[in-house]
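# Notes for the structure review
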Amino acid sequence: MNKTNTAGVAAMQDEGYSLPIENEKKLQKTEFAWWSAPTIIIFLTVSMSALDALVLYDIMDQVMTQSEIMGKIVSFGIALILNMMPLLIAKFTHQAMYRLKRGAAVWAVAVTAAFFVLFASTVWLRFAYQEQYGESASNHLTNELQVEEIVDTSTESNPKGLAVVLLLSIEPLVTSLVNFGLAYIGNDELRERINHLRIRRLELSECESDLKAYLATTEPAELRRGQLLALDMERKKAAEDEIHARCDILKARARTYLAEYLKDPEGASYVTASLDEKIEKVSQESQTPESGQMTKLTARPITAA
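Residues numbered from 1 in each chain as written. Predicted model: local features only at pLDDT ≥ 70, side-chain atom pairs only at ≥ 80, totals over all residues. Heavy atoms only, no water.

Here we come to a nonpolar patch on the surface. Residues Trp 34, Trp 35, Met 97, Tyr 98, Tyr 184 and Ile 185 make up a contiguous nonpolar surface patch of roughly 630 Å² in combined accessible area. Of all the elements in the fold, those that place two or more residues in the nonpolar patch are helix H3 (68–98) and helix H6 (159–186). Residue position: Tyr 184 is located in helix H6. Classification of Tyr 184 as partly exposed rests on a relative accessible area of 31%. (Patch = residues over 30% accessible without salt bridge, like charges linked within 9 Å, V, L, I, M, F, W, Y side chains within 5 Å. Areas by Shrake-Rupley, 256 points an atom, 1.4 Å probe, with all protein chains shown as cover. Salt bridge = Lys/Arg side-chain N within 4 Å of Asp/Glu carboxyl O. Helix = DSSP H or I, 4+ residues; strand = E, 2+ residues; numbered from the N terminus. Buried < 20%, exposed > 50% of the residue type's maximum accessible area, 1.4 Å probe, protein only.)

Here you go:
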């Protein structure tokens, strides 16, 4: 029997167990954008914290007069906290929405309140040092008359300084909102659990198939031996029935040939009638379900005419 060679046809090969898992992982990756990856979020958080620290450093450098290093540390610490709190708020918000953790809503409200208190403090501090922005901060006069003029102008309205303060106040809020949006989209705890369980289901299905294949090859020896013995007995019985049926047909043909050889018309007629009766019996009763062959026939002796 010719066997078709399908070694070069990729569609005719077995799919294997790893391919469904790889396809599931690719499908899950389509749910996320490149900017929602954890490494991108960490990089943006640190970058925005450094930007906010530079904005706060001008004020902290004047407030922390004891040490210059202290102003840098406090500026970066406050900026980092303002950008880390939105990540916690997004985490607690998901847990409160899906009711995954008890008290998640309370923690979300508490962290949100702490964020706005800290943010409002930085805005207040910028407004308190509003005079250093604008034209008054760039004029350095040495005589008393010029100093008195600077004091007089500082008490007046400073629209440029107000604009700078508003811009520097809104910038940390925007960076915090960006961090909150990225964390809310990219860190969904329930979705991550569902995706993990979907992959785990495929892995367990693979293990189940392997165990079934292993158990099929390691059945008890007695059970397999009994099944094989019963199968052999059925095949033996079918072969015996086929042989007996062929022997009866040969016997009938031999009687016909013998009668023709003896040239006895009456004997030949009797033998021919007996042969027709046996062939009809073979065609009606000799088929078996197992072998599909002729069964054993019972021959009758031919008596002399």
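A separate point is the packing of H3 against helix H4 (residues 104–128). The contact between H3 and H4 brings their axes to 8 Å, and the two run at 155°. Between H3 and H4, the angle falls in the class roughly antiparallel. Pair H3 / H4 crosses with left-handed handedness. Counting all contacts with H3, which are made through Ile 78, Ile 81, Leu 82, Met 85, Leu 88, Ile 89, Phe 92, Thr 93, Gln 95 and Ala 96, the residues of H4 involved are Ala 104, Ala 105, Trp 107, Ala 108, Val 111, Thr 112, Ala 114, Phe 115, Leu 118, Phe 119 and Thr 122. Its residues assigned to classes, the contact of H3 with H4 comprises 17 nonpolar, 4 polar and no charged. (Axes fitted to C-alpha atoms, helices over the stretch in contact; angles between N-to-C directions. Parallel < 35°, antiparallel > 145°, perpendicular 65-115°, else oblique. Left-handed = near helix turned anticlockwise from the far one by under 90°. Contact = heavy atoms within 4.5 Å. Nonpolar A, V, L, I, M, F, W, Y, C, P; charged D, E, K, R; others polar.)

The next subject is the packing of aromatic side chains. The final tally for this structure, using the stated rule, is 4 aromatic pairs. Summarising the aromatic geometry, the rings of Phe 115 and Phe 119 are spaced 6.2 Å apart at their centres and angled 10° between planes, so their arrangement reads as stacked. Taken as a pair, Phe 115 and Phe 119 lie in helix H4 at a separation of 4 residues, close to a single helical turn. For the pair shown, Phe 115 and Phe 119 are each scored as buried. Through pairs of rings, three or more aromatic residues link up here, namely Phe 115, Phe 116 and Phe 119. (Phe/Tyr/Trp six-rings, centres within 6.5 Å; stacked < 30°, edge-to-face > 60°.)

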